[in-house]
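Chain by chain, the residues run as shown.
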Amino acid sequence: MLGSKKELFDSKNTRVVSVNLDEPPRARVVVGFAQQQSFTFPIVMNKTAEQTYDFDKTFQVKGTPTSYLIDGEGLVVEGHYGPLSPQDLQASLDKLPAP
């Protein structure tokens, strides 16, 4: 494995994005949990107090947690349903070609 998370993602020109399906009042809990776990990837909320975005329909989210690997072109190259361990993430990145 590479030296840091940043090097790991940069080596494949890839990012992780997570989609959260909870209702707006739970957003604070989700944000707090992400901070506690030191997550560095964005977590997009399917619904806010002002708007519903329908990420669940657009990206066919089947449950939470759901995470996506996004390539340098902004395309989804892989979806992962369920908890994403460092080993799962490494295996997914290993399957991707070098940019």
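See the structure above.
Values in this document were obtained by computation on a predicted structure and should not be read as measured data.

Draft legend 1. Broad picture of the nonpolar core. One finds Phe9, Val16, Leu69, Leu89, Leu93 and Leu96 forming the largest nonpolar core, which totals six residues. Leucine 69 has contacts with Phe9, Thr14, Arg15, Val16, Leu75, Val76, Val77, Glu78, Leu89, Ser92, Leu93 and Leu96, leaving out every residue within four places of it along the chain.

Draft legend 2. The pattern of salt bridges, seen in detail. On inspection of all chains with the given rule, the structure shows four salt bridges. Among the ionic pairs, glutamate 78 bridges to lysine 95, the shortest N-O distance being 3.8 Å. Within this pair, whereas glutamate 78 is found in strand 4 (residues 76-81), its partner lysine 95 is found in helix 4 (residues 86-95), the two being separated by 17 residues in sequence.

Draft legend 3. Up close: the packing of aromatic side chains. In total, this model carries three aromatic pairs according to the counting rule given. Each ring, one from phenylalanine 33 and one from phenylalanine 39, has its centre 5.8 Å from the other, and the planes form 80°; the classification is edge-to-face. Looking at phenylalanine 33, the relative accessible area reads 42%, which means it is partly exposed. Here phenylalanine 39 falls in the partly exposed class, since its relative accessible area comes to 35%. Each ring, one from phenylalanine 39 and one from phenylalanine 41, has its centre 4.9 Å from the other, and the planes form 25°; the classification is stacked. Classification of phenylalanine 41 by relative accessible area gives partly exposed; the value is 27%. In textbook terms, an aromatic cluster arises when at least three aromatic residues are bridged by ring pairs, as seen for Phe33, Phe39 and Phe41.

Draft legend 4. Here's a closer look at helix 4. Within helix 4, the full set of buried residues consists of Leu89, Gln90, Ser92 and Leu93. The arc that holds the buried residues of helix 4, viewed along the axis, is 160°, so those residues lie on one side. Turned more than 90 degrees away from the buried face of helix 4, the exposed residues are Gln87, Asp94 and Lys95.

Draft legend 5. Layout of the pairing of strand 1 (residues 14-20). Of all seven residues that make up strand 1, five are buried, and the element is covered over most of its length. As defined by bridge partners, strand 1 adjoins strand 3 (residues 66-71) across six bridges and the pair is classed as antiparallel. Of the residues in strand 3, the one forming a bridge with threonine 14 is aspartate 71. Bridge analysis of strand 1 against strand 2 (residues 43-45) gives three bridges, and the strand direction is parallel. Directly across from valine 19, in strand 2, lies its bridge partner valine 44. On the question of chirality, the crossover connecting strand 1 to the parallel strand 2 by way of helix 2 (residues 27-36) is right-handed.

Draft legend 6. Structural detail: the sheet that holds strand 3. The four strands lie next to each other as 2-1-3-4, forming an open sheet whose pairing is mixed. Either end of the sheet is taken by a strand with one partner, and the two such strands are strand 2 and strand 4. Pairwise comparison of adjacent strand axes, ignoring direction, gives a mean angle of 25° for this sheet.

Basis of the calculations
Numbers given to residues run from 1 along each chain, matching the order in which its sequence is written. At least 70 in pLDDT is required for a residue's local features to be given in this predicted model, at least 80 for side-chain atom pairs to be given and counted, and no such filter applies to totals for whole chains, interfaces and linings, which use all residues. Side-chain numbers come from the whole structure's heavy atoms, not from hydrogens or water. Here, nonpolar core refers to any group of buried Ala, Val, Leu, Ile, Met, Phe, Trp, Tyr and Cys residues whose side-chain atoms link them within 4.5 Å. Any residue under 20% of the maximum accessible area for its type is buried, any over 50% is exposed, and the rest in between are partly exposed; the area is computed with a 1.4 Å probe on protein chains only. Whether two residues are in contact is decided by their heavy atoms: any pair within 4.5 Å suffices. Each salt bridge in this description consists of a side-chain nitrogen of Lys or Arg and a carboxyl oxygen of Asp or Glu lying within 4 Å of one another. Elements are defined by DSSP. Helices are runs of H or I of four residues or more, strands are runs of E of two residues or more, and each kind is numbered from the N terminus. Pairing of aromatic rings covers Phe, Tyr and Trp, the last counted by its six-membered ring, and requires centre-to-centre distances within 6.5 Å; plane angles under 30 degrees mean stacked, over 60 mean edge-to-face, and any other angle means tilted. As used here, the arc is the angular range of directions from the helix axis to the C-beta atoms. Strands were regarded as paired on the criterion that DSSP finds at least two bridges between them. For the handedness criterion, the strands are oriented away from the viewer, and a crossover whose path from the first strand over the helix to the second runs clockwise is classed as right-handed. Every angle, taken between N-to-C directions, lies between 0 and 180 degrees, and every axis is a line fitted to C-alpha atoms, over only the stretch in contact when it is a helix.

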